[in-house]
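Residue strings, one per chain:
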Amino acid sequence: MSAKEKKRLIDGLTEAHLALRGILDEIDLEMPVYEDTGWRVRDIVGHVATWDLVVAKSLRAFQTGSEYLIPVPNPEEYEDEFNKNAVLEQQKLSTQQILDEFETAYDEFKKAIQEIPDDLFPGDLLYPWGDERGNIATMVDYMIEHAVEHRDEIIKAIGFMRKLNG
């Protein structure tokens with residue numbers, strides 16, 4: 001991995017993380033965001049943290065010549081089931097534990113990128129969600145977009161709640 005590409009990925013990851021983290025101090029983490037699933041802000045933060053850790057595990061597995069796939073009992077409902085189970089587990093945690101996990105996951109993800117040897121980049125790996133292969137940069141870019149997408153949805157929910165409470 002070129003130093004320039006690694007810096008771009010880490011800078012993008014950091015920017016997305018800080019943008020999401022920046023709105024969390026201003027809102028109630030129990031605020032609902034998704035009506036269909038009942039997910040609250042804290043659930044989304046935990047979800048982002050879960051996937052940051054998953055990708056960090058995937059990058060570390062790739063470095064050792066293996067692959068990491070998310071564990072689910074029912075492959076037909078792969079990602080949805082994984083996400084649902086992860087949120088259910090995180091609902092047992094306090095809000096502070098969720099925030100701590102969010103920071104730890106970011107640190108682990110960033111560290112995993114930093115530790116990728118140049119000779120393994122760009123890499124061709126099975127992405128941890130199991131139905132796609134690609135290079136490291138594309139997978140990291142997906143995760144940056146993932147964090148941004150969820151941040152934007154939280155911002156939208158904040159606007160809706162403010163209108164509602166007018």
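Summary of the structure given here.

Rules and cut-offs
Residues numbered from 1 in each chain as written. Predicted model: local features only at pLDDT ≥ 70, side-chain atom pairs only at ≥ 80, totals over all residues. Heavy atoms only, no water. Phe/Tyr/Trp six-rings, centres within 6.5 Å; stacked < 30°, edge-to-face > 60°. Helix = DSSP H or I, 4+ residues; strand = E, 2+ residues; numbered from the N terminus. Buried < 20%, exposed > 50% of the residue type's maximum accessible area, 1.4 Å probe, protein only. 1 Å grid on protein atoms, 1.4 Å probe; cavity = no way out; pocket = protein on both sides within 12 Å on 5 of 7 lines; lining within 4 Å. Points joined across faces, edges and corners; volume = space filled by probe spheres on them. Nonpolar A, V, L, I, M, F, W, Y, C, P; charged D, E, K, R; others polar. Axes fitted to C-alpha atoms, helices over the stretch in contact; angles between N-to-C directions. Parallel < 35°, antiparallel > 145°, perpendicular 65-115°, else oblique. Contact = heavy atoms within 4.5 Å. Expected span 1.5 Å × (residues − 1). Arc of directions from axis to C-beta. Salt bridge = Lys/Arg side-chain N within 4 Å of Asp/Glu carboxyl O.

Remarks on the packing of aromatic side chains
Under the defined criterion, the tally for this structure stands at 6 aromatic pairs. With 5.3 Å between their ring centres and 75° between their planes, Trp51 and Phe82 make a pair best called edge-to-face. You can see Trp51 sitting in helix α2 (residues 41-63) and its partner Phe82 sitting in helix α3 (residues 78-90), a full 31 residues away along the chain. Judged by its relative accessible area of 10%, Phe82 is buried. An aromatic cluster is built from Trp51, Phe82, Tyr127, Trp129 and Tyr142, whose rings are joined through pairwise contacts.

Focus: empty space enclosed by the protein
Summed over all chains, the structure comprises 1 cavity of 30 Å³ or more. Every residue lining the largest cavity is listed: Leu13, Ala16, His17, Val48, Asp52, Phe102, Tyr106, Met143, Ile144 and Ala147. Those elements that provide at least two residues to the lining of the largest cavity are α1 (3-24), α2, α4 (95-114) and α5 (136-165). Here the lining of the largest cavity is built from residues that sort into 8 nonpolar, 1 polar and 1 charged.

Topic: the layout of surface pockets
Unoccupied space between atoms shows up once a probe the size of one water molecule is rolled over them. Approximately 400 Å³ is the volume found for the largest pocket. If you go around the largest pocket, you meet 21 residues; those closest to its centre are Trp39, His47, Glu79, Asp80 and Asn83. For the lining of the largest pocket, the secondary structure elements donating two or more residues are α2, α3 and α5. Counted by class, the lining of the largest pocket contains 8 nonpolar, 7 polar and 6 charged residues.

Details of the packing of α1 against α4
Taken N-terminus to C-terminus, the directions of α1 and α4 make an angle of 175°; their axes are 10 Å apart at the nearest point. Comparing the axis directions of α1 and α4 gives the class roughly antiparallel. On α4, the residues touching Lys6, Leu9, Ile10, Leu13, Thr14, His17, Leu20, Arg21 and Leu24 of α1 are Leu99, Phe102, Glu103, Tyr106, Phe109, Lys110, Ile113 and Gln114. Residues that form the contact of α1 with α4 fall into these classes: 10 nonpolar, 3 polar and 4 charged.

Overview of α4
Look at α4: 29 Å from first C-alpha to last across 20 residues, which is about the 28 Å you get at 1.5 Å a residue. For α4, the complete set of buried residues consists of Ile98, Leu99, Phe102, Ala105, Tyr106, Phe109, Ala112 and Ile113. For α4, the angular spread of buried residues about the axis comes to 155°, placing them on one side.

Structural notes on α2
With 23 residues, α2 ought to run about 33 Å at 1.5 Å a step, and its terminal C-alpha atoms sit 33 Å apart, in line with that. Across the 23 residues that make up α2, a large majority, 19, are buried. Remark: Gly65 follows α2 within two positions and exhibits a positive phi of approximately 85°.

Focus on the environment of Phe109
With respect to the secondary-structure elements, Phe109 resides in helix α4. Separated by 29 residues in the primary sequence, Phe109 and Asp80 have C-alpha atoms spaced 22 Å apart. Every residue in contact with Phe109, bar those within four places of it in the chain, is listed here: Leu13, Asp52, Val55, Ala56, Leu59, Val140 and Met143.

Considering the pattern of salt bridges
Counted under the stated rule, the structure contains 14 salt bridges. Here Arg8 and Glu5 are joined by a salt bridge, their closest N and O atoms 3.0 Å apart. Linking Arg8 with Glu5, this pair stays in helix α1, spanning 3 residues, or about one helical turn. For Arg8, a relative accessible area of 36% gives the class partly exposed. Taking the shortest distance from any N to any O, the salt bridge between Arg133 and Glu67 comes out at 3.2 Å. A residue pair is termed long-range when its members are at least 10 positions apart, and Arg133 in strand β2 (residues 133-134) and Glu67 in the loop between α2 and α3 qualify at 66 residues. Within this structure, Glu30, Arg40, Arg42 and Asp43 form a network of salt bridges that share partners.

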